[in-house]
Amino acid sequence: MTGLLGVSEALGRLLGEFSPVDKISLPLGETVGRVLAQEIIAVIDLPPFANSSMDGFAVQSQDIARAGRDHPVVLQVIEDIPAGQIASRQIEPGQAARIMTGAPIPSGADAVVPVEETSFNDRRPGQPAPAHIEIYHPARPGDHVRPRGQDIRSGALILLPGIRLRPQDVALLAMLGMATVTVYRKPRVAVLSTGDELLPVGIAPQPGKIYDSNALALGALAAQYGAEPISLGIAPDRAEAIEACLEQAADLQADLILSSAGVSVGAFDFVRTVVERRGRLNFWRVNMRPGKPLAFGAYRDVPLIGLPGNPVSAFVGFEVFVRPALLKLAGLNNLIHPTQRVTLAEPVETDGRESYLRAVVEQHPGRLIARLTGHQGSGNLLSLVQANALLIVPSEVKSLPSGAEVDAWLFGTAYHQF
Ligand code: AMP
Ligand code: MG
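Predicted model only: the values in this text are computed from it and were never measured.

### A word on the packing of aromatic side chains
- In the structure shown here, the tally under the stated rule is seven aromatic pairs.
- Where Phe283 meets Phe296, the ring centres are 5.6 Å apart and the plane angle is 45 degrees; that geometry is what we call tilted. In this pair, Phe283 is assigned in strand S17 (residues 279-284) and Phe296 in strand S19 (residues 295-299), connecting sequence segments 13 residues apart.
- Residue classification places Phe283 among the buried residues on the basis of a relative accessible area of 4%.
- When the ring of Phe315 is compared with that of Phe411, the centres are 5.6 Å apart and the planes differ by 70 degrees; the resulting orientation is edge-to-face. Taken as a pair, Phe315 in helix H6 (residues 311-330) and Phe411 in the loop between strand S27 (405-410) and helix H8 (413-416) lie far apart in primary sequence, 96 residues in all.
- One aromatic cluster in this structure is built from Phe18, Phe283, Phe296 and Phe321.
- Positioned above the aromatic ring of Trp284 is the side chain of Arg272, whose terminal nitrogen or guanidinium carbon lies 3.6 Å from the ring centre.
- We note Arg285 situated over the ring of Trp284; from NZ or CZ to the ring centre the distance is 5.0 Å.

Shown next, in the form of structure tokens:
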């Protein structure tokens, strides 16, 4: 098909125009979900000191090498060591100290005997330590001791930049004592709807008009992928009005402008014209369905992705092009969309363009089964609402029989690694 770029070529050209936004420093408590922009190297050992993994008694293991239920070894208890406190005395032969989980191992001791293996199995709060203890079980050096540096050695490389910080990552940074972390700031995405027919929700219906749904979908998608959406509202189908909105986006220092509609070949499609006049058009029209009239370029120096107006086309165009662009802007390393192989429960026909079909994917024993959700027209939002996945039929493939396997993007899972 002349004039149409293949999806992967278009994506390659588009991604080449993006690089990560600036880095900022944030308090650790605000960094979950943010993209790490620094290497994390441990500056301390973890655990930072040898400590007990059980509530019990710290001992010299050689004292109790032959201990058993029938022939307990009696030790003198010289101290009580709660978590958070350093022992004041050294353990000598014949001695023990009561110790709590997480408390530092006293010097002289090399093992911990859990309370269950002693005559003092009383863990009610406030119980004082006994003066003597019978030990019922032998211990080897190191038993129930978490040595210093067991988990992490100072100097170890823990995390590389370009990942989104998860709760467990932030927990580890806290363990390392990091109060602030360098992350990427959120990309700013300006969202513009164009069309004389559009009304914002909240206004009474008018003849010939429809409500603007793209702005909400695109703003929400951008936010889901970690960006900060900026609403530019609705521009009528006039070059000057569109240009005024794009000026505003550039003045607001948006990292990306997302427009919808006005990029077809209609007499009122001005987005492309304005981009060509005040910036540059990189490509226009992609060999995909839905979403063919998709434009990419820059307005002044701000990258602009002109999505088609039809709501499903705009959504698919977002998933295919905007998502990876946003992730790259955000500083993430992995731009690949998580993909599942699914089995078609029915035959599928397309027109030979790379097709993104709305479907319900269900887990069956050993495989995922996919069924299309009704009308696949690019304006039919209901079938997208009923879907939980997009099936991807490659270009050139015009029909697939029931039982064939295709790639699918499952909604929901895509966001987990955003
Ligand atoms: P266009 O790309 O301008 O030819 O628009 C294609 C179709 O998408 C038309 O039916 C428009 O009414 C519709 N459309 C355009 N923008 C929006 C929007 N923001 N929300 C819902 N539908 C839209
Ligand atoms: Mg229009």
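We are not done yet, so read on.
### Concerning the site of ligand 1
- Neighbouring ligand 1 are 17 residues, the closest being Glu197, Asp212, Ser213, Gly309 and Asn310.
- Within the backbone of Gly262, a nitrogen or oxygen atom sits 3.2 Å from an oxygen atom of ligand 1.
- Considering ligand 1 on its own, with 490 Å² of exposed area, one finds that the protein chains cover 78% of that surface.
- Secondary-structure elements contributing two or more residues to the shell around ligand 1 are strand S12 (188-194) and strand S14 (210-211).
- Broken down by class, the residue content of the shell around ligand 1 amounts to five nonpolar, nine polar and three charged.

### Examining the confidence of the model for the chain
- Overall, the predicted model of the chain reaches an average pLDDT of 96, with 98% of residues at or above 70.
- Within the model, the stretch residues 414-418 combines pLDDT values under 50 with 19 contacts to residues more than four positions away or in other chains.

### Overview of a nonpolar patch on the surface
- On the surface, Val201, Ile203, Tyr211 and Leu216 cluster together into a nonpolar patch covering about 380 Å² of accessible area.
- As for its placement among the helices and strands, Tyr211 is situated in strand S14.

Each value, and the rule that gives it
- Residues numbered from 1 in each chain as written.
- Chains lettered and ligands numbered in written order.
- Predicted model: local features only at pLDDT ≥ 70, side-chain atom pairs only at ≥ 80, totals over all residues.
- Heavy atoms only, no water.
- Phe/Tyr/Trp six-rings, centres within 6.5 Å; stacked < 30°, edge-to-face > 60°.
- Helix = DSSP H or I, 4+ residues; strand = E, 2+ residues; numbered from the N terminus.
- Buried < 20%, exposed > 50% of the residue type's maximum accessible area, 1.4 Å probe, protein only.
- Lys NZ or Arg CZ within 6 Å of the ring centre and 35° of its normal.
- Near = heavy atom within 4 Å.
- Polar contact = N/O pair within 3.5 Å; in protein donor to acceptor, adjacent residues only side chain to side chain.
- Areas by Shrake-Rupley, 256 points an atom, 1.4 Å probe, with all protein chains shown as cover.
- Nonpolar A, V, L, I, M, F, W, Y, C, P; charged D, E, K, R; others polar.
- pLDDT = per-residue confidence, 0-100.
- Contact = heavy atoms within 4.5 Å.
- Patch = residues over 30% accessible without salt bridge, like charges linked within 9 Å, V, L, I, M, F, W, Y side chains within 5 Å.
- Salt bridge = Lys/Arg side-chain N within 4 Å of Asp/Glu carboxyl O.

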